[in-house]
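# Geometric and topological summary
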Amino acid sequence: MTRYAIVLSASIAFTIALAVVALGLGRYPVAVSDVLRALVDRSQVPEAIAQVVWNVRLPRIAGALMVGMALACAGAAFQQMFRNPLVAPDTLGVSAGAALGAVGAIFLGLSILAIQALAFAGGLAAVALVWLIASRMRTLDPLVTLILTGIVVAGLVGAGISLIKYLADPYNQLPAITFWLLGSFASFGRQDLAGAFLPIALAVVAMWLVRWRVNLLTLDDDEARALGVPVGALRAYVICAATLATAGAVAVSGIIGWIGLVVPHCARLVVGPEFTRLLPVSAVFGAAFMLAVDTLGRTMATIEIPPGILTALVGSPVFVYLLARVRRYE
Amino acid sequence: MRRLVALLGFVACAWANAQIAVTDATGRAVNVPATISKVHAAGPPASVFVLALAPGKLAGWTRALRSDEIPFLPPEVARLPELGRLTGRGNTANVEVLMATRPDLIVDIGSTSQTYVSLAERVTQTTGIPYLLFDGRLRDTPRLLRELGRAIGVAAEGEALAAYVDASLATIASRIATIPEAQRPRVFYARGPNGLATAPRGSLQAEVLELAGARNVAEPPPGFPGNLVNVSLEQVLLWQPDIIVTTDSAFPAAVRGRPEWQAVPAVKNERIYVAPELPFGWIDAPPALNRLLGVEWLVRILHPKAFPEPLGPASRNFTRASITARRRTRRSKRCCVRRASRANAS
């Protein structure tokens, strides 16, 4: 077995084990035997326990796995495509756009479903705007232009968010906005699953389909073209897929940073920069990391610890460590 | 004769400029003009108190009123301009706009921490307008009403309203005292779009629950006396609240459709109560006198046997703005009816 196969199967096994452990953990005391019985046959356990296992923990675990996977895959694809280790899924403004959509929906007092829908739409719209502006500029290197435009649009959208926060009702809306911006899986239920699964699955499959060619994007544009790669079209495709994944994730979870930045680096450290191996390992690492963070966040105290806070606490030292070792793989 | 008129005029001027010293909740002695015709309320809680004591003296609102709030307020009060808030989370008032309305006094009610004391002193230095700070706890409201009434020249109204609040809180406290702790309903206060934000015991936002004899299921984490926190649904399932109180009218319908909420007793038994929030929230937003209505409303839901009398007549005395009171009464009666029909059904 190759190193890659060992790493991938071990991390998948670890993630499954983690999910099983997470299913047995929570504020509501459920014995492990009851968890297993509830999984096999709902009618064997009290209704409350079946509810906790099936309607609270399972969707939430699935949600954390999907969001972690989406953010890590998007981050890996972006880092590969931009040939830049500092880009993250939100480099092109998808998180900022999603935040503006969600914050606007909270400001207007819309329902949870509308908040998610507007967040999703906002994320896509922000990236579309970045693409529109950047494609009109031909003076600079296209990748640099994209990143700079992403920063500009994120800044602009950030002003919109600040304005809404400033105008929001400080007693009802502002706390809701603050909590959304911190990210949370607290209300992730069964009906959120389909909405999150569709865009994320579509996007990850789309990335998987072009996994070979994404490697070629790390070459100079001229070299890649000489090899017959339609560089511009492929870039647009990767941006679409990564944006879809990130927007789908952020819409249901709120802003959760660091995963899309740090996890691909960890994966690269283990299996190297080759995208056909990097993508699956990033996906599994991201899912496991997100699940671990969310399980901690929901079990540590009576109140929820927002995952965005925990990922930053774990992610920033890990990133510093990775920076110190960066020569190993570059 | 001319001399006498001049003398009278002088006396009148002197009287108009006369100042009284008021000690606010921070212990600062602030010199306040003896006659006050206009008061700037620095934040939403202060607006409510000034509105209750002397609606004619309110200089303006901290934010533009929403269209659904206007019908609840007397037209001359609803017409007042938007001046921005001086305090709280973010400062939206422009000092020049504030000065242009020429208030005689600025009042803020809420936190009395050093942050707000220094802000108050800075505003007074810049504008020359005296600035009073009071604590916003509902338990201390009678004292606040007396002090504020005296400071803005409506001592009699302040005394009357304070006596009413005193009597109301005392009656409620004495009747609740007879109910053993174990028989008081366990209540979850659901906030935010998903209903999973809550105010733990001891927080300003949950004061109404405590005064109304509820056992707030949300315990603050040790060492973090937070005001608003997010909790997990599992935690709510563990708490098993008998009753959920919310301010979001869409919440009961939203949770009914969510399977994961069905194991919560309050959801199963359809005991979710939406606190009215127009023009001011009955539970916590803004944390001002309006919460007394919340206490009177909630206590009837939680302890119907101890409080058999309907909410109506009591809440009519509540504020001088009679329109407000009447509309509120009508609204709260509807809530009582809903409660009654639910009680019959179960």
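Residues numbered from 1 in each chain as written. Chains lettered and ligands numbered in written order. Predicted model: local features only at pLDDT ≥ 70, side-chain atom pairs only at ≥ 80, totals over all residues.

Next up on the list: the overall build of chain A. A count of helices and strands for chain A gives 14 helices and zero strands. Of the regular secondary structure in chain A, the N- to C-terminal order runs α-α-α-α-α-α-α-α-α-α-α-α-α-α. Computed over the C-alpha atoms, the radius of gyration of chain A is 20 Å, within 12% of the 20 Å expected from 2.2 N^0.38 for a compact globule of 330 residues. Its C-alpha atoms put chain A at 65 × 60 × 35 Å along the principal axes. (Helix = DSSP H or I, 4+ residues; strand = E, 2+ residues; numbered from the N terminus. Rg over C-alpha atoms; globule rule 2.2 N^0.38 Å.)

For the rest of this paragraph, the subject is the interface of chain A and chain B. On the chain B side, the residues contacting the 31 residues of chain A number 32 residues. The set of elements that each furnish at least two residues to the side of chain A that touches chain B consists of helix H3 (47–82), helix H5 (112–135) and helix H7 (173–182) of chain A. It is H3(A) that provides the largest number of residues to the side of chain A that touches chain B, a total of six residues. Residue composition of the side of chain A that touches chain B, grouped by class: 17 nonpolar, nine polar and five charged. (Contact = placed C-beta atoms within 7 Å. Nonpolar A, V, L, I, M, F, W, Y, C, P; charged D, E, K, R; others polar.)

On to the packing of helix H12 (residues 259–271) of chain A against helix H13 (residues 275–299) of chain A. All names here are of chain A. The geometry of H12 relative to H13 is characterised by a closest axis approach of 8 Å and an angle of 125° between their N-to-C directions. On the basis of the axis angle, H12 is oblique to H13. Handedness of the crossing formed by H12 with H13: right-handed. Contact with H12, carried on its side by Ile259, Val263, Pro264, Cys266, Ala267, Arg268, Val270 and Val271, involves Arg277, Leu278, Val281, Ser282, Phe285, Gly286, Phe289 and Met290 of H13 and no other residues of that element. Among the residues making up the contact of H12 with H13, the classes are represented as 12 nonpolar, two polar and two charged. (Axes fitted to C-alpha atoms, helices over the stretch in contact; angles between N-to-C directions. Parallel < 35°, antiparallel > 145°, perpendicular 65-115°, else oblique. Left-handed = near helix turned anticlockwise from the far one by under 90°.)

It is worth spelling out the domain arrangement of chain B at this point. All names here are of chain B. Segmentation of chain B into domains returns domain 1 (9–165) and domain 2 (180–345). Contact residues are listed per partner, giving 21 residues for domain 1 and 19 residues for domain 2. Sorting the residues of the side of domain 1 that touches domain 2 by element identifies helix H2 (44–53) and helix H7 (155–177) as the ones contributing at least two each. Ranked by residue count, the leading element in the side of domain 1 that touches domain 2 is H2, at six residues. Looking at the side of domain 1 that touches domain 2, its residues break down into 16 nonpolar, two polar and three charged. (Domains from an automatic or database assignment.)

Moving on, we come to the environment of B:Phe251. All names here are of chain B. By the element assignment, Phe251 lies in helix H10 (residues 251–256). Linking Phe251 and Ser203, residues 48 residues apart in sequence, is a C-alpha distance of 22 Å. With residues near it in sequence (within four places) discarded, Phe251 still touches Ala190, Gly195, Thr246 and Ile272.

Residue and element names in this part refer to chain B. Residue position: Ala182 is located in the loop between H7 and strand S6 (186–190). Residue Ala182 is classed as exposed on the basis of its C-beta count, with 6 C-beta atoms lying within 10 Å. Spatially, the C-alpha atoms of Ala182 and Thr23 are 42 Å apart, while their sequence positions differ by 159 residues. (Buried ≥ 20, exposed ≤ 12 C-beta atoms within 10 Å, placed from the backbone.)

With that settled, consider the sheet that holds strand S3 (residues 39–41) of chain B. Residue and element names in this part refer to chain B. Ordered by their spatial adjacency, three strands build an open sheet running S3-S4-S5, and the pairing between neighbours is parallel. Of all the strands in the sheet, just S3 and strand S5 (131–135) have a single pairing partner and so form its edges. Direction aside, neighbouring strands of the sheet carry axes that sit 25° apart on average. Along the sheet, helix H5 (residues 114–127) contacts strand S4 (105–110) and S5; its crossing angle with S5, the most-contacted strand, is approximately 160°. Of the strands in this sheet, S4 and S5 are in contact with helix H6 (residues 141–151), which crosses S5 at around 165°. (Pairing = 2+ DSSP bridges.)

Counting 198 residues, the largest nonpolar core has A:Ala70, A:Cys73, A:Ala77, A:Ala245 and B:Val107 as the members making the most contacts within it. With 21 residues, H3(A) is the largest single contributor of residues to this core. Looking at this core, you find at least three residues from each of domain 1 (9–165) and domain 2 (180–345) of chain B. Beyond its immediate stretch of four places on either side in the chain, A:Ala245 contacts A:Ala70, A:Cys73, A:Ala74, A:Pro199, A:Ile200, A:Ala203 and A:Val204. (Core = buried A, V, L, I, M, F, W, Y, C linked by C-beta atoms within 7 Å.)

What follows concerns unusual backbone geometry. Excluding glycine, residues mostly carry a negative phi; peptide bonds, for their part, are mostly trans. The step from B:Leu278 to B:Pro279 runs through a cis peptide bond, and the omega angle for that step is -10°. Mapped onto the secondary structure, B:Pro279 falls in the loop between strand S11 (272–274) and helix H12 (291–302). The peptide bond linking B:Ala285 to B:Pro286 adopts the cis configuration, its omega dihedral lying at -5°. For B:Pro286, the position within the fold is in the loop between S11 and H12. For A:Arg83, which is not glycine, the phi dihedral falls at a positive 50°. Here A:Arg83 lies in the loop between H3 and helix H4 (94–107). Its identity as a non-glycine residue notwithstanding, B:Glu270 has a phi of 50°, on the positive side. Residue placement: B:Glu270 occurs in the loop between helix H11 (265–268) and S11.

It is worth spelling out the confidence of the model for chain B at this point. All names here are of chain B. A residue-level look at chain B finds 82% of positions with pLDDT of 70 or above and a mean pLDDT of 81. Looking over chain B, one finds the lowest element-wise mean pLDDT in helix H14 (residues 322–345), namely 39, and the highest in S6, namely 95. For the stretch residues 316–346, pLDDT sits under 50, and the model shows 42 contacts to residues farther than four places along the chain or on other chains. Both confidence scores are given for the complex: pTM 0.81, ipTM 0.76. (pLDDT = per-residue confidence, 0-100.)

All right, on to H6(B) then. Residue pairs three or four apart in sequence face the same way in an α-helix, which turns once every 3.6 residues. Residues and elements named next belong to chain B. Among the 11 residues that make up H6, eight are buried, leaving the element largely enclosed by the rest of the structure. Inspection of H6 places Thr141, Pro142, Leu144, Leu145, Glu147, Leu148, Gly149 and Ala151 among the buried residues, and these make up the whole buried set. Next to the buried residues of H6 lie strand S1 (19–23), strand S2 (29–33), H2, S4, S5 and H7. Immediately downstream of H6, the backbone of Gly153 shows phi near 80°, a positive value.

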